[in-house]
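Working through the structure, step by step
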Amino acid sequence: MLFRSKPAKILKRYYKEGKIKSSFIYFDANKACAAHIFGKDSILMATGLYREEKRDSLWKYYRKNGELVADENYRMGIKQGLSNVYYRNNKLYERFEFKEGKKDGVWKQYFDTGRLKIDGHYRDDKLQGKVIFYNPNGGVDHEGIYKDNVKNGAWNYYDEKGNLLIQQRFDMGILKNKDEVNEYIMEESKQ
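Described below are features of the structure shown in this document. Remember, it's a predicted structure, so these values are computed and weren't measured experimentally.

On to the pattern of salt bridges. Working definition: two side chains of opposite charge can pair if their charged atoms are close together. By the definition in use, this model includes twelve salt bridges. Note that D41 and K64 form a salt bridge whose closest N and O atoms lie 3.6 Å from each other. Of this pair, D41 sits in the loop between β3 (32-38) and β4 (44-51) while K64 sits in the loop between β5 (54-62) and β6 (68-75), and the two are 23 residues apart along the sequence. Note on K64: relative accessible area 58%, which makes it exposed. Connected via shared salt-bridge partners are D28, R51 and D56.

Time to look at a positive patch on the surface. Taken together, R13, K16, K21 and K40 make up a surface patch of like positive charges. Of note, K16 is situated in the loop between β1 (9-14) and β2 (20-27).

The next subject is the nonpolar core. Formed by 14 residues in total, the largest nonpolar core has its most connected members in W107, L127, V131 and W155. Contributing elements (two or more residues each) for this core: β8 (92-99), β10 (116-123), β12 (129-134), β15 (153-158) and β16 (164-171). Setting aside residues up to four positions removed in sequence, W155 forms contacts with F133, H142, E143, G144, I145, Y146, I166, Q167, Q168 and F170. Core analysis: the second largest hydrophobic core is formed by eight residues, A35, A46, W59 and Y61 among them.

With that settled, the discussion passes to the side chain of N156. Tracing the chain through its elements places N156 in strand β15. Overall, the relative accessible area of 15% leaves N156 in the buried class. Polar contacts involving the side chain of N156 include one to the side chain of Y158, which spans 3.5 Å. Ignoring any residue separated from it by four or fewer positions in sequence, one finds N156 in contact with D141, H142, E143, L164, I166 and Q167.

One non-glycine residue, A29, adopts positive backbone phi at about 55 degrees. Along the chain, A29 falls in the loop between β2 and β3. The exposure class of A29 is exposed, given its relative accessible area of 61%. Although it is not a glycine, M76 adopts a positive phi angle of roughly 50 degrees. Secondary-structure assignment places M76 in the loop between β6 and β7 (78-86).

Further remarks concern the packing of aromatic side chains. As enumerated under the stated definition, the model contains ten aromatic pairs in all. With centroids separated by 5.1 Å and ring planes inclined at 75 degrees, the aromatic side chains of Y50 and W59 adopt a geometry described as edge-to-face. Judged by relative accessible area, which is 1%, W59 ranks as buried. Plain terms: the ring middles of Y87 and Y93 are 5.2 Å apart, the flat faces sit at 80 degrees to each other, and that makes the pair edge-to-face.

Rules and cut-offs
Residues numbered from 1 in each chain as written. Predicted model: local features only at pLDDT ≥ 70, side-chain atom pairs only at ≥ 80, totals over all residues. Heavy atoms only, no water. Salt bridge = Lys/Arg side-chain N within 4 Å of Asp/Glu carboxyl O. Helix = DSSP H or I, 4+ residues; strand = E, 2+ residues; numbered from the N terminus. Buried < 20%, exposed > 50% of the residue type's maximum accessible area, 1.4 Å probe, protein only. Patch = residues over 30% accessible without salt bridge, like charges linked within 9 Å, V, L, I, M, F, W, Y side chains within 5 Å. Areas by Shrake-Rupley, 256 points an atom, 1.4 Å probe, with all protein chains shown as cover. Lys, Arg positive; Asp, Glu negative; His and termini not counted. Charge placed at Lys NZ, Arg CZ, Asp CG, Glu CD. Core = buried A, V, L, I, M, F, W, Y, C linked by side-chain atoms within 4.5 Å. Contact = heavy atoms within 4.5 Å. Polar contact = N/O pair within 3.5 Å; in protein donor to acceptor, adjacent residues only side chain to side chain. Phe/Tyr/Trp six-rings, centres within 6.5 Å; stacked < 30°, edge-to-face > 60°.

Okay, here's the thing in structure tokens:
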């Protein structure tokens, strides 16, 4: 028995000026297509797959010079998995993890040198747990706990040698040692 594959269908759309706006290459009995989206200057801006008219799989977004701006993963129109944003030099700037369209998992930000800037976690679209903010030299600048997107508990701030400078104490976003913090700020402003 001889099997014949159906030829892929190609659909192209154009701007009024006549330059290409998008192209779609259909496959899998027209249930899916590879998409290429262009800016008005005909420069590729995004690529990805659609399945049943929903974003699916890896999507990539580009700057006018062809550098990658971001990439994100979808499953049937819903963000799922890692999403990344990049500096102009193609180095990673930020990474989120998504589950069922919500931030859920790792959150990391990086300096343009590649060193870690922020290390935290989301759960159900809210910052949860310990978040560490680093200085450009790699040391901890400050750290604390988030609960449902608000500061909660002790937040410690350090000097470049790692010595504790001040601790802020929060109760669900409300600073509890305001006088102590204000006194510290006043002393620092005198130096």
